[in-house]
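Take a look at the letters that make up each chain.
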Amino acid sequence: MGRRNSNKGIKGDKSAGSSSLDAQVIRMSVDDEQDKAESSMVAATTENVSKDIVFAGSDQTSADYYFDSYSHFGIHEEMLKDTIRTKTYQNVIYHNSFLFKDKVVLDVGAGTGILSLFCAKGGAKHVYAVECSHMADMAMEIVKANGYSDVITVLKGKIEEIDLPTQHVDVIISEWMGYFLLFENMLNTVLYARDKWLIPGGVVLPDRASLFLTAIEDADYKQEKIDFWDRVYGFDMSCIRQQAMLEPLVDTVDQNQIVTNCQLLKTMDISKMSPGDASFTASFKLVAERNDFVHALVAYFDVAFTNCHKVMGFSTGPRSRATHWKQTVMYLEDVITMCEGESLLGSMTVAPNAKNPRDVDIILNYSFSGKRCQAGRTQCYKMR
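Residues numbered from 1 in each chain as written. Predicted model: local features only at pLDDT ≥ 70, side-chain atom pairs only at ≥ 80, totals over all residues. Heavy atoms only, no water.

### Section: the overall build of the chain
Here is step 1 of the chain: The helix and strand tally for the chain stands at nine helices and 15 strands.
Here is step 2 of the chain: For the chain, with 384 residues in total, the buried portion stands at 52%.
Here is step 3 of the chain: Put simply, 76% of the contacts in the chain that link residues at least 6 apart link residues at least 24 apart.
Here is step 4 of the chain: Of the roughly 17,100 Å² of accessible surface on the chain, 50% is carried by carbon and sulfur atoms. (Helix = DSSP H or I, 4+ residues; strand = E, 2+ residues; numbered from the N terminus. Buried < 20%, exposed > 50% of the residue type's maximum accessible area, 1.4 Å probe, protein only. Contact = heavy atoms within 4.5 Å. Areas by Shrake-Rupley, 256 points an atom, 1.4 Å probe, with all protein chains shown as cover.)

### Considerations on the nonpolar core
Here is step 1 of the chain: Within the largest apolar cluster, 95 residues are counted, with the highest numbers of intra-cluster contacts made by Leu 106, Phe 180 and Ile 336.
Here is step 2 of the chain: Once residues within four sequence positions are removed from consideration, Leu 106 is found in contact with Tyr 128, Val 130, Ile 159, Leu 164, Val 169, Val 171, Ile 172, Ile 173, Ala 193 and Trp 197.
Here is step 3 of the chain: Among the nonpolar cores identified, the runner-up in size contains ten residues, and Ile 216, Ala 296, Val 298 and Val 329 belong to it. (Core = buried A, V, L, I, M, F, W, Y, C linked by side-chain atoms within 4.5 Å.)

### Concerning the pairing of strand β3 (residues 152-156)
Consecutive side chains along a regular strand alternate between the two faces of the sheet.
Here is step 1 of the chain: Bridge analysis of strand β2 (residues 126-131) against β3 gives five bridges, and the strand direction is parallel. Bridge pairing links Tyr 128 to Thr 153 in β3.
Here is step 2 of the chain: The parallel pair β2 and β3 is bridged by helix α6 (residues 135-145), and the resulting crossover is right-handed. (Pairing = 2+ DSSP bridges. Right-handed = clockwise from strand over helix to strand, strands pointing away.)

### Remarks on the confidence of the model for the chain
Here is step 1 of the chain: Scored by pLDDT, the chain comes out at a mean of 86, with 81% of its residues at no less than 70.
Here is step 2 of the chain: Here residues 1-33 is a poorly scored stretch, pLDDT under 50, and it has 81 contacts once near neighbours within four places are set aside; other chains count.
Here is step 3 of the chain: Counting contacts from residues 43-62, a segment whose pLDDT is below 50, to residues more than four positions away or on other chains yields 28 contacts. (pLDDT = per-residue confidence, 0-100.)

### Some remarks on the pattern of salt bridges
Opposite charge on two side chains allows them to pair when their charged atoms are near.
Here is step 1 of the chain: Counted under the stated rule, the structure contains eleven salt bridges.
Here is step 2 of the chain: Salt-bridge contacts for Glu 77 lead to Lys 81; the nearest nitrogen and oxygen are separated by 2.6 Å.
Here is step 3 of the chain: Residue Asp 230 pairs with Arg 241 through a salt bridge whose shortest N-O separation is 3.3 Å. Placement of Asp 230 in the loop between α8 (219-225) and α9 (238-246) and of Arg 241 in helix α9 is noted, with a sequence separation of eleven residues between them.
Here is step 4 of the chain: Relative accessible area serves as the criterion here: at 33%, Asp 230 is assigned to the partly exposed category.
Here is step 5 of the chain: Given the relative accessible area of 14%, Arg 241 is considered buried.
Here is step 6 of the chain: Bridged by salt links that share partners, the residues Asp 227, Asp 230, Arg 241 and Glu 333 form one connected network. (Salt bridge = Lys/Arg side-chain N within 4 Å of Asp/Glu carboxyl O.)

### Remarks on the packing of aromatic side chains
The geometry of an aromatic ring pair is captured by the separation of the ring centres together with the interplanar angle, meaning the angle of the planes.
Here is step 1 of the chain: As enumerated under the stated definition, the model contains eight aromatic pairs in all.
Here is step 2 of the chain: Both rings, one in Phe 212 and one in Tyr 300, keep their centres 5.3 Å apart while their planes meet at 10 degrees; by these two values the pair is stacked. With Phe 212 in strand β6 (residues 208-216) and Tyr 300 in strand β10 (residues 292-305), this residue pair connects regions lying 88 residues apart in the sequence.
Here is step 3 of the chain: Accessibility expressed as a relative area gives 6% for Phe 212, which makes it buried.
Here is step 4 of the chain: Ring centres of Phe 301 and Trp 325 lie 5.4 Å apart, and the angle between their planes is 75 degrees; this geometry places the pair in the edge-to-face category. Of the two residues, Phe 301 sits in strand β10 while Trp 325 sits in the loop between β11 (312-315) and β12 (327-338), which places them 24 residues apart along the sequence. Both residues of the pair, Phe 301 and Trp 325, belong to the buried class. (Phe/Tyr/Trp six-rings, centres within 6.5 Å; stacked < 30°, edge-to-face > 60°.)

### Quick notes on the packing of helix α4 (residues 83-94) against helix α5 (residues 114-121)
Here is step 1 of the chain: Running from amino to carboxyl end, α4 crosses α5 at an angle of 20 degrees, the nearest separation of the two axes being 9 Å. Judged by the inter-axis angle, α4 sits roughly parallel to α5. Where α4 crosses over α5, the handedness of that crossing is right-handed. Seen from α4, the contacting residues are Thr 86, Tyr 89, Gln 90, Ile 93 and Tyr 94; seen from α5, they are Ile 114, Leu 115, Phe 118, Cys 119 and Lys 121.
Here is step 2 of the chain: The residue inventory of the contact of α4 with α5, partitioned by class, reads seven nonpolar, two polar and one charged. (Axes fitted to C-alpha atoms, helices over the stretch in contact; angles between N-to-C directions. Parallel < 35°, antiparallel > 145°, perpendicular 65-115°, else oblique. Left-handed = near helix turned anticlockwise from the far one by under 90°. Nonpolar A, V, L, I, M, F, W, Y, C, P; charged D, E, K, R; others polar.)

### Structural notes on the sheet that holds β2
Here is step 1 of the chain: In space, the five strands of this open sheet follow the order β3-β2-β1-β4-β5, with parallel pairing throughout. The outermost strands of the open sheet, each flanked by one partner alone, are β3 and β5 (198-205). Neighbouring strand axes in the sheet, compared pairwise and without regard to direction, differ in orientation by 20 degrees on average.
Here is step 2 of the chain: Of the pairings in the sheet, the one linking strand β4 (residues 169-174) to β5 comprises four bridges and is parallel in character. Each bridged residue has a counterpart across the sheet, and for Ile 172 the counterpart in β5 is Val 204.

### A closer look at α4
Here is step 1 of the chain: Between the first and last C-alpha of α4 there are 15 Å, a value that for twelve residues agrees with the 16 Å anticipated at 1.5 Å per step.
Here is step 2 of the chain: Two or three places before Ile 84, at the opening of α4, Asp 82 has a side-chain oxygen 3.3 Å from that residue's backbone nitrogen. (Expected span 1.5 Å × (residues − 1). Polar contact = N/O pair within 3.5 Å; in protein donor to acceptor, adjacent residues only side chain to side chain.)

### Focus on the side chain of Ser 210
Here is step 1 of the chain: Structurally, Ser 210 can be placed in strand β6.
Here is step 2 of the chain: For Ser 210, a relative accessible area of 11% puts it in the buried group.
Here is step 3 of the chain: Here Thr 267 takes part through its side chain, which lies 3.0 Å from a polar atom of the side chain of Ser 210.
Here is step 4 of the chain: Ignoring anything within four residues of it in the chain, the contact list for Ser 210 reads Leu 264, Lys 266, Thr 267, Tyr 300, Phe 301 and Asp 302.

### As for the sheet that holds strand β15 (residues 374-383)
Here is step 1 of the chain: The strand order across the open sheet formed by four strands is β9-β13-β14-β15, and the pairing between neighbours is antiparallel. Lying at the two open borders of the sheet, with one neighbouring strand each, are β9 (280-287) and β15. On average, each strand axis in the sheet is tilted by 15 degrees relative to the strand beside it, whichever way the strands run.
Here is step 2 of the chain: Of the strand pairs in this sheet, β9 and strand β13 (residues 343-352) are connected by eight bridges, and their pairing is antiparallel. What sits directly across from Val 287, in β13, is Ser 343.

Printed below as a string of structure tokens:
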């Protein structure tokens, strides 16, 4: 099958087997022309201020590298232009003013400050925007340029180390999700802020995140990205193939590649969970919906804001519109020949890497016994 176009997502209908959240997602458009003007102003201010900032240099730890990577405006441009992401947050804030009116809000990992600006415009009493990277300097300028300096206070530093100028907040908002949901491990920072500052009965946005798994046919691209290393211009480079198999590929999957059902692996309630809950083992049963070959498993996540008047959210799945998170593809050593109705059984263990907790270690166990194929093994992957 021809490879997916990573710049285009395909929105599938519910009868095609979209994820459970799709039926609840409410997507509303809010003054599109005004949105474009606001986004342009943020982007222009960010670009101008970036010229005056000297970014961090060498001798960086993995944590330093993580924060410094968010100092460059390019990564923020990509996120701001992800309209599924950004407009969902905007709609949550603008259409649920009862959550924000006269409330004190904490924006964890504020970046350019776009969520803080939404909250200020949505009626928040005060917003504390915390950002550890050098983007905090830009956010201060952006807040000033848009006339919100009396409502938004930008604090530069790590949530775990800053002194917040208030004892409690009513709302915590954050766009903490990484590739495979948990890559970069920013979730623990949100949970730290929740436990330290959120009032009893306070609101965390978003408050629900779910990780899903499915299986795909992907012969052409596996050949191009993985099997390529077996023989390169007549030379054996299979040692690199082994490394390529260890690293999941972040890419956009065409919904027509999906062979099986989509299985829920884990749902996290951000308002109640503990940091250790982000490490888990989940079993799965993927049932073939047609006769085909399976070359890889694909993970994606849904996010929900359940405290709204109506549940809002978005999906990063291959049957929904594309986001900058795309999907996470884990290639299998085996090519599994599945007939319709046959099941691929297994379990997936997910945990932060011991040396660098912002990376994610994944252990996959699977077994298959079908009419035309038997397979089973353990594979390890590292998101880094």
